[in-house]
Amino acid sequence: MRFVHAPWYMKNITGLFSKEKGANKGFTAQYAVFWIFFKDKKGMENKTLINHELIHHEQLKELTPFLFLPIYLGNYIFNLFKYKFDRDLAYRNIRLEKEAYQNENNHAYRKNRKRYAWMKL
Ligand SMILES: [Zn+2]
């Protein structure tokens, strides 16, 4: 796993999923298979943020990118309708994100995690 500083345009792309405006718009970290992109250097030392992204890595290992991406995006689109196009709520209720957000503070979680835990959320 490589931790890298995100290129400037990444903030603009992920900003599309966020309803926030201004400087906080977009992401703090983004998991992308072998890389974790961080918006700033501070994020690279944030254990909670790193744990969150590594939970996505565990999900990806069991799903492969071929299933991870369609499930992630399909769940997001479904949620857009479910939550009346509230993009932030739609994003936070993606099952794969729910597992990561609910357990990002539990640093032992990845060791004890049950496979496909996100399915039960
Ligand atoms: Zn996430």
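See the structure printed just above.
Because the structure is predicted, anything quoted here is derived from the model rather than measured. (Residues numbered from 1 in each chain as written. Predicted model: local features only at pLDDT ≥ 70, side-chain atom pairs only at ≥ 80, totals over all residues. Heavy atoms only, no water.)

Asker: Please set out the overall build of the protein residue by residue, giving values where relevant.
Answerer: The helix and strand tally for the protein stands at five helices and three strands. Listed N to C, the secondary structure of the protein is β-α-β-β-α-α-α-α in terms of helices and strands. Scored against the burial criterion, the 121 residues of the protein give a buried share of 38%. Taking as baseline every contact in the protein between residues at least 6 positions apart, the subset at least 24 positions apart corresponds to 55%. Working note: accessible area of the protein is about 7900 Å², and carbon and sulfur atoms make up 60% of it. (Helix = DSSP H or I, 4+ residues; strand = E, 2+ residues; numbered from the N terminus. Buried < 20%, exposed > 50% of the residue type's maximum accessible area, 1.4 Å probe, protein only. Contact = heavy atoms within 4.5 Å. Areas by Shrake-Rupley, 256 points an atom, 1.4 Å probe, with all protein chains shown as cover.)

Asker: So, the nonpolar core: which residues are in play, and what are the values?
Answerer: The tendency in soluble globular proteins is for nonpolar side chains to be buried side by side. Among the nonpolar cores identified, the biggest contains 18 residues, and Ile36, Phe38, Phe68, Tyr72, Tyr76, Ile94 and Leu96 are the most heavily contacted of them. Breaking this core down by element, the ones donating at least two residues are strand S2 (29–32), strand S3 (35–38), helix H2 (47–82) and helix H3 (87–92). Per-element accounting of this core gives the leading share, nine residues, to H2. (Core = buried A, V, L, I, M, F, W, Y, C linked by side-chain atoms within 4.5 Å.)

Asker: Outline the coordination of the zinc ion, listing residues and values.
Answerer: When a metal carries six donors in an octahedron, the ideal angles between them are 90 or 180 degrees, while four donors in a tetrahedron ideally lie at 109.5 degrees. Ligation of the zinc ion by protein atoms is provided by His52 (NE2), His56 (NE2), Glu97 (OE) and Glu97 (OE), these donors lying 2.0 to 2.6 Å from the ion. Given four donor atoms and angles of 55 to 152 degrees at the metal, the environment of the zinc ion is assigned as irregular. All donors of the zinc ion belong to a single chain; written as a sequence motif, their spacing is H-x3-H-x40-E. Separated by 45 residues along the polypeptide, His52 in helix H2 and Glu97 in helix H4 (residues 95–103) bring together distant segments of the chain. On the basis of relative accessible area, Glu97 is assigned to the buried category, the value being 3%. (Donors = N, O, S within 2.8 Å, 3.2 Å for Na, K, Ca; no water. Tetrahedral: all angles 85-135°; square planar, octahedral: opposite > 155°, others 65-115°.)

Asker: I'd like a rundown of a nonpolar patch on the surface, residues and numbers included.
Answerer: Judged by side-chain polarity, Leu73, Ile77, Phe81 and Phe85 come together as a nonpolar surface patch covering roughly 430 Å² of accessible area. Following the sequence through the fold, Phe81 ends up in helix H2. (Patch = residues over 30% accessible without salt bridge, like charges linked within 9 Å, V, L, I, M, F, W, Y side chains within 5 Å. Salt bridge = Lys/Arg side-chain N within 4 Å of Asp/Glu carboxyl O.)

Asker: I'd like a description of the packing of H2 against H4, backed by residues and values.
Answerer: Taken N-terminus to C-terminus, the directions of H2 and H4 make an angle of 165 degrees; their axes are 9 Å apart at the nearest point. One element, H2, and the other, H4, form an angle in the roughly antiparallel class. Both H2 and H4 take part in a crossing whose hand is left-handed. On the side of H2, the interface is formed by Asn51, His52, Ile55, His56, Gln59, Leu63, Phe68, Ile71, Tyr72 and Asn75, while H4 contributes Arg95, Leu96, Glu97, Glu99, Ala100, Tyr101 and Asn103. In the contact of H2 with H4, the residues fall into eight nonpolar, six polar and three charged. (Axes fitted to C-alpha atoms, helices over the stretch in contact; angles between N-to-C directions. Parallel < 35°, antiparallel > 145°, perpendicular 65-115°, else oblique. Left-handed = near helix turned anticlockwise from the far one by under 90°. Nonpolar A, V, L, I, M, F, W, Y, C, P; charged D, E, K, R; others polar.)

Asker: Summarise the environment of Met44; cite the residues concerned and give the values.
Answerer: On the secondary structure map, Met44 appears in the loop between S3 and H2. The exposure class of Met44 is partly exposed, given its relative accessible area of 22%. For Met44 and Ala29, which are 15 residues apart along the polypeptide, the C-alpha to C-alpha distance reads 8.6 Å. Aside from chain neighbours lying at most four places away, what touches Met44 is Phe3, Val4, His5, Phe38 and Ile50.

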